[in-house]
Protein chains: 2
Amino acid sequence: MSSSNLLLSLSQKAILLLQEDADKIEKLIEVQMENLTTRKCPLYEEVLDTQMYGLSREIDFAIRAELISDVAGKQILVKLERNLASLYEALNQK
Amino acid sequence: MSSSNLLLSLSQKAILLLQEDADKIEKLIEVQMENLTTRKCPLYEEVLDTQMYGLSREIDFAIRAELISDVAGKQILVKLERNLASLYEALNQK
């Protein structure tokens, strides 16, 4: 494999792994959204915050290790933060 | 650069970055150890736990991204965990 192909393959793998972790958080948000009308689990907010922090550390590391661009990393976080904000808004309106 | 050299360089960079983050936690532990005889800051434990969690997520990601070996990642964490255990032991003996 040429070095540019190797770098591309490592970058793609990094993005896939980060997206997988982001998807897990997305799933947590969806589940809580679906349960809005039933009951609010008090630990949900803490679990989501912890998971978001973990993902942001992974993304920050991937950027510093030059595996992904600053922009690609931010994109993953911004989308999740938007969904989280919607969830908290919905929770507050209850 | 050949692809094996590139991989070596990316791996070395990843290890350096993780070691830098581990050193920051090490510094936090040392500071708290030095302050044992004066006073215990109640937030210290929480800050250390959060930082340890962040580092473990970075290391886990680096292993999954095939930048570092499982063994190299575990080594960084084990050393820190040993020092943390000594700190908590010292705090409990106060």
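As shown above, the structure is provided for reference.
Here the structure is a predicted model, which is why all the values come from computation and not from measurement. (Residues numbered from 1 in each chain as written. Chains lettered and ligands numbered in written order. Predicted model: local features only at pLDDT ≥ 70, side-chain atom pairs only at ≥ 80, totals over all residues. Heavy atoms only, no water.)

A. Region of interest: the pattern of salt bridges. Applying the stated criterion across every chain yields a total of 18 salt bridges over all chains. Among the ionic pairs, Asp21 of chain A bridges to Arg64 of chain B, the shortest N-O distance being 2.8 Å. Taken together, the residues span two chains, with Asp21 of chain A in helix α1 (residues 3-34) and Arg64 of chain B in helix α2 (residues 42-64). For Asp21 of chain A, a relative accessible area of 7% corresponds to the buried category. Put simply, Glu58 of chain B and Arg57 of chain A hold a salt bridge, and the shortest N to O gap is 2.8 Å. Of this pair, Glu58 of chain B sits in helix α2 while Arg57 of chain A sits in helix α2 (residues 42-64), which puts the two residues in different chains. Here the two residues Glu58 of chain B and Arg57 of chain A agree in accessibility, since each one is buried. What you see here is one network of salt bridges that share partners, running through Asp21, Lys24 and Glu58 of chain A together with Arg57, Asp60 and Arg64 of chain B. (Salt bridge = Lys/Arg side-chain N within 4 Å of Asp/Glu carboxyl O. Helix = DSSP H or I, 4+ residues; strand = E, 2+ residues; numbered from the N terminus. Buried < 20%, exposed > 50% of the residue type's maximum accessible area, 1.4 Å probe, protein only.)

B. Representation of the interface of chain B and chain A in the model. Contact with chain B, which involves 24 residues of that partner, is made by 24 residues of chain A. With both sides pooled, the region where chain B packs onto chain A buries about 2,200 Å², and carbon together with sulfur makes up 62% of that total. Its largest share of buried area at the contact with chain A, chain B owes to Arg57, Phe61 and Arg64 of chain B, together 29% of the area lost on that side. Linking chain B with chain A are 8 salt bridges. The interface formed by chain B and chain A includes 12 residue pairs in polar contact (both at pLDDT 80 or more). Among the secondary structure elements, those contributing two or more residues to the side of chain B that touches chain A are α1 (3-34) and α2 of chain B. When residues of the side of chain B that touches chain A are assigned to their parent elements, the largest contribution, 10 residues, is made by α2 of chain B. Of the residues assigned to the side of chain B that touches chain A, the class counts are 13 nonpolar, 5 polar and 6 charged. (Contact = heavy atoms within 4.5 Å. Buried area = accessible area lost by both parts, 1.4 Å probe. Polar contact = N/O pair within 3.5 Å; in protein donor to acceptor, adjacent residues only side chain to side chain. Nonpolar A, V, L, I, M, F, W, Y, C, P; charged D, E, K, R; others polar.)

C. Seen up close, the nonpolar core. Ranked by size, the top nonpolar core spans 53 residues in total, and within it Leu55, Phe61 and Leu67 of chain A together with Leu55, Phe61 and Leu67 of chain B carry the most contacts. Contributing elements (two or more residues each) for this core: α1, α2 and α3 (70-92) of chain A together with α1, α2 and α3 (70-92) of chain B. Beyond its immediate stretch of four places on either side in the chain, Leu55 of chain B contacts Arg57 of chain A together with Leu18, Asp21, Ala22, Ile25, Ile76, Leu77 and Leu80 of chain B. (Core = buried A, V, L, I, M, F, W, Y, C linked by side-chain atoms within 4.5 Å.)

D. Structural context of the layout of surface pockets. Computed from the structure, the largest pocket encloses a volume of approximately 180 Å³. Lining of the largest pocket is provided by Glu46, Asp49, Thr50 and Tyr53 of chain A together with Glu46, Asp49, Thr50 and Tyr53 of chain B. Elements supplying a minimum of two residues to the lining of the largest pocket: α2 of chain A together with α2 of chain B. Partitioned by chemical class, the residues of the lining of the largest pocket number 2 nonpolar, 2 polar and 4 charged. (1 Å grid on protein atoms, 1.4 Å probe; cavity = no way out; pocket = protein on both sides within 12 Å on 5 of 7 lines; lining within 4 Å. Points joined across faces, edges and corners; volume = space filled by probe spheres on them.)

E. Structural context of the relation of the copies chain B and chain A. Mapping chain B onto chain A is achieved by rotating through 180° and translating by 0.0 Å along the same axis, at an RMSD of 0.0 Å. A rotation of that kind, with that shift, is consistent with a two-fold axis. Of every C-alpha in chain B, the one belonging to Ser3 of chain B sits nearest the axis of rotation, 2.0 Å from it. With an isologous cut-off of 70% or more, the 100% of interface residues of chain B that recur at the interface of chain A puts this contact in the isologous class. (Least-squares fit on C-alpha atoms with pLDDT ≥ 70 in both.)

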